[in-house]
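Inside the fold
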Amino acid sequence: MSTSTAATITRDTLSDFAGEIFSSMPRVDQRRWAEVYLRGLLVVEGKKSVRRISEDILSVPAHQSLQQFINQSPWEWEPVRAHLARYVSEEETPKAWVLSRVAIPKRGERSVGVERRFLPEVSRTVNCQIGLAVDLAVPSGNLPVNWRLLMPAKWLTDSTLRESAYIPREVRANPEWADFVAMLTELEFQWKARRVPVVADLCHLTEIPQFVTEMTSRGFDFSFEVDGSLEVLDSAGQRRPVRTVHAARGAFKRAGSALEALGRWCCQTSAPCGHRDPMKVVSSLVTLPDDGRRPRGGQGLSVRLLTEVSPSGLAKHSWITNLREHRVDEIVALSRLAQRSKDNTTAMESSFGLRDFEGRSYRGWHHHMTMVSAAYAFHRLVGRSLPSAPE
């Protein structure tokens, strides 16, 4: 199939967008196939397989060329993502960088990075890949611009598996938090993105002290939702789960004392993200126990603990943050952006082909996820409908 086939698509707003986002691709045919694939993710109904994209967008069986572009073509995805991050930031100012992850169910054992894992989010074991993302939270939505594939150790120690998926030598089986740090560093220092607070739902993560230590050492502002079982040191130096830190104050409130009597410990704030009733949030300073990575004699990191409490005084949601000068309502509004990433991921799964990659290679996975990010950014920022048929 000649490369001229991909040039039969009509120039429109999407063509202009693709020309900018894919300008780092060195060859004209790569840029043309990128636009075909991008258009397919946006307009093809149902499963966005390579075959369906080629037939629906080009009306000819060009799937082998399109598959070659996604799975084998050596174009680098990092410059494309950098262009996308700049494009999004120029269109709308990011309020936060949101860390998110997505489980991509797979059949069999040959898709790169697949493993049976217990997922706390769904309380069951799933055969899946785990994709990690950094999203730019802008008014139009949370738009993913950087990705990592969480690599199980077996994929890097088994030479047969590693070679079958063409995994580069430099790829390591990092803990999840370390991959997040690497993506944030790339976003700021290589892509020159302006630093904003980092937020995430980390209720599933067990290495919170390690992650917070690293984020603090690098000077990032953050607000993370954490599981109620996370242990901290309260103001009396007692180790206890975050869900119980405010138990005494909750009992004090249930006894009927006025809200004002809680002083600096409680704030009644307008509720963000669709909550109808005002939220009651308790705030105090706690310490994360020493994780073994700080100098000898360290007492741990002091952070601000915010807890949303129910009318009965029970903890509903908890966040740890180093944003000490921000109002409680500002921090909660930022923190709630993590939920929006979950909603946007659902949209990408259902309508933009996030789960539809059929290849097995490491390169192909990154190419596909980059294209999904570009498609979703175009949809949210530029246009919501496109003609599907070429002239």
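Rules behind the numbers
Residues numbered from 1 in each chain as written. Predicted model: local features only at pLDDT ≥ 70, side-chain atom pairs only at ≥ 80, totals over all residues. Heavy atoms only, no water. 1 Å grid on protein atoms, 1.4 Å probe; cavity = no way out; pocket = protein on both sides within 12 Å on 5 of 7 lines; lining within 4 Å. Points joined across faces, edges and corners; volume = space filled by probe spheres on them. Helix = DSSP H or I, 4+ residues; strand = E, 2+ residues; numbered from the N terminus. Nonpolar A, V, L, I, M, F, W, Y, C, P; charged D, E, K, R; others polar. Buried < 20%, exposed > 50% of the residue type's maximum accessible area, 1.4 Å probe, protein only. Pairing = 2+ DSSP bridges. Right-handed = clockwise from strand over helix to strand, strands pointing away. Salt bridge = Lys/Arg side-chain N within 4 Å of Asp/Glu carboxyl O. pLDDT = per-residue confidence, 0-100. Contact = heavy atoms within 4.5 Å. Phe/Tyr/Trp six-rings, centres within 6.5 Å; stacked < 30°, edge-to-face > 60°. Lys NZ or Arg CZ within 6 Å of the ring centre and 35° of its normal. Arc of directions from axis to C-beta. Polar contact = N/O pair within 3.5 Å; in protein donor to acceptor, adjacent residues only side chain to side chain. Core = buried A, V, L, I, M, F, W, Y, C linked by side-chain atoms within 4.5 Å.

1. Things to note about the layout of surface pockets
- Within this model, the largest pocket holds a volume of roughly 610 Å³.
- If you go around the largest pocket, you meet 26 residues; those closest to its centre are Arg 101, Val 102, Ala 103, Glu 121 and Lys 342.
- Of all the secondary-structure elements, those providing two or more residues to the lining of the largest pocket are β1 (96–105), β3 (124–138), β5 (198–201) and α13 (337–351).
- Across the lining of the largest pocket, the residue classes break down as 13 nonpolar, 5 polar and 8 charged.
- Approximately 520 Å³ is the volume attributed to the second largest pocket.
- Around the second largest pocket sit 23 residues that line it, and Trp 77, Pro 168, Val 171, Tyr 362 and His 366 are the ones nearest its centre.
- Mapped onto the lining of the second largest pocket, the elements with two or more residues apiece are α5 (77–91), β4 (141–149), α8 (176–190) and α14 (362–381).
- No other element matches the 4 residues that β4 contributes to the lining of the second largest pocket.

2. Some details on the pairing of strand β6 (residues 222–226)
- Most of β6 sits inside the fold, with 5 of its 5 residues counted as buried.
- By the alternation rule, side chains of β6 split into Phe 222, Phe 224 and Val 226 and Ser 223 and Glu 225, which are all buried.
- Looking at chain direction, β5 and β6 are connected through 4 bridges and run parallel. Bridge pairing in β6 links Val 199 to Ser 223.
- The parallel pair β5 and β6 is bridged by helix α9 (residues 208–217), and the resulting crossover is right-handed.
- Sheet topology note: the β6/strand β12 (residues 315–321) ladder contains 4 bridges and is antiparallel.

3. Focus on the pattern of salt bridges
- The final tally for this structure, using the stated rule, is 17 salt bridges.
- In this structure, Arg 195 and Glu 188 form a salt bridge, with 2.8 Å as the shortest nitrogen-oxygen distance.
- Overall, Glu 188 belongs to the buried group, its relative accessible area being 15%.
- Residues Arg 240 and Asp 234 are paired through a salt bridge, measuring 2.9 Å at the closest nitrogen-oxygen approach.

4. Here's the deal with the confidence of the model for the chain
- Mean pLDDT over the chain stands at 87; residues scoring 70 or higher make up 85%.
- Counting contacts from residues 250–268, a segment whose pLDDT is below 50, to residues more than four positions away or on other chains yields 28 contacts.
- The model gives residues 270–275 a pLDDT under 50, and that stretch makes 9 contacts with residues more than four places away or in other chains.

5. Quick look at the packing of aromatic side chains
- Using the criterion set out here, one finds 9 aromatic pairs in the structure.
- Centroid distance Phe 69 to Trp 75: 5.3 Å. Interplanar angle 15 degrees. Geometry classified as stacked. Each member of the pair, Phe 69 as well as Trp 75, is classed as buried.
- Geometrically, the ring pair formed by Trp 147 and Trp 365 is edge-to-face, given 6.3 Å between the ring centres and 90 degrees between the ring planes. Residue Trp 147 is found in strand β4, and its partner Trp 365 is found in helix α14; the two are separated by 218 residues along the sequence. With respect to class, Trp 147 is no different from Trp 365; both count as buried.
- An aromatic cluster of three or more residues is present, and its members are Phe 180, Phe 211, Phe 222 and Phe 224.
- Lying over the aromatic face of Phe 220, Arg 195 brings its terminal NZ or CZ to 4.1 Å of the ring centre.

6. Points about the pairing of strand β2 (residues 115–119)
- Examined bridge by bridge, β2 and β3 share 5 bridges and lie antiparallel to one another. Directly across from Phe 118, in β3, lies its bridge partner Thr 125.

7. Some words on helix α1 (residues 13–21)
- When α1 is considered as a whole, its buried residues turn out to be Leu 14, Ser 15, Phe 17, Ala 18 and Ile 21. Buried residues along α1 cover an arc of 160 degrees about the axis, so they all sit on one side.
- Structurally, α1 contributes buried residues whose contacts are with α2 (28–43), α5 and α14.
- Between the side-chain oxygen of the N-cap and the backbone nitrogen of Leu 14 there are 3.0 Å, and the N-cap of α1 in question is Asp 12.

8. Focus on the nonpolar core
- If you look at the biggest cluster of nonpolar residues, it comprises 104 residues, and the most contacted ones within it are Phe 22, Leu 38, Trp 97, Phe 211, Phe 224 and Ile 320.
- Ranked by residue count, the leading element in this core is α14, at 11 residues.
- If we ignore the near neighbours within four places in the chain, the residues touching Phe 22 are Arg 31, Ala 34, Glu 35, Leu 38, Val 80, Met 371 and Ala 374.
- Formed by 15 residues, the second largest nonpolar core is a distinct cluster that contains Met 279, Trp 319, Leu 323 and Leu 334.

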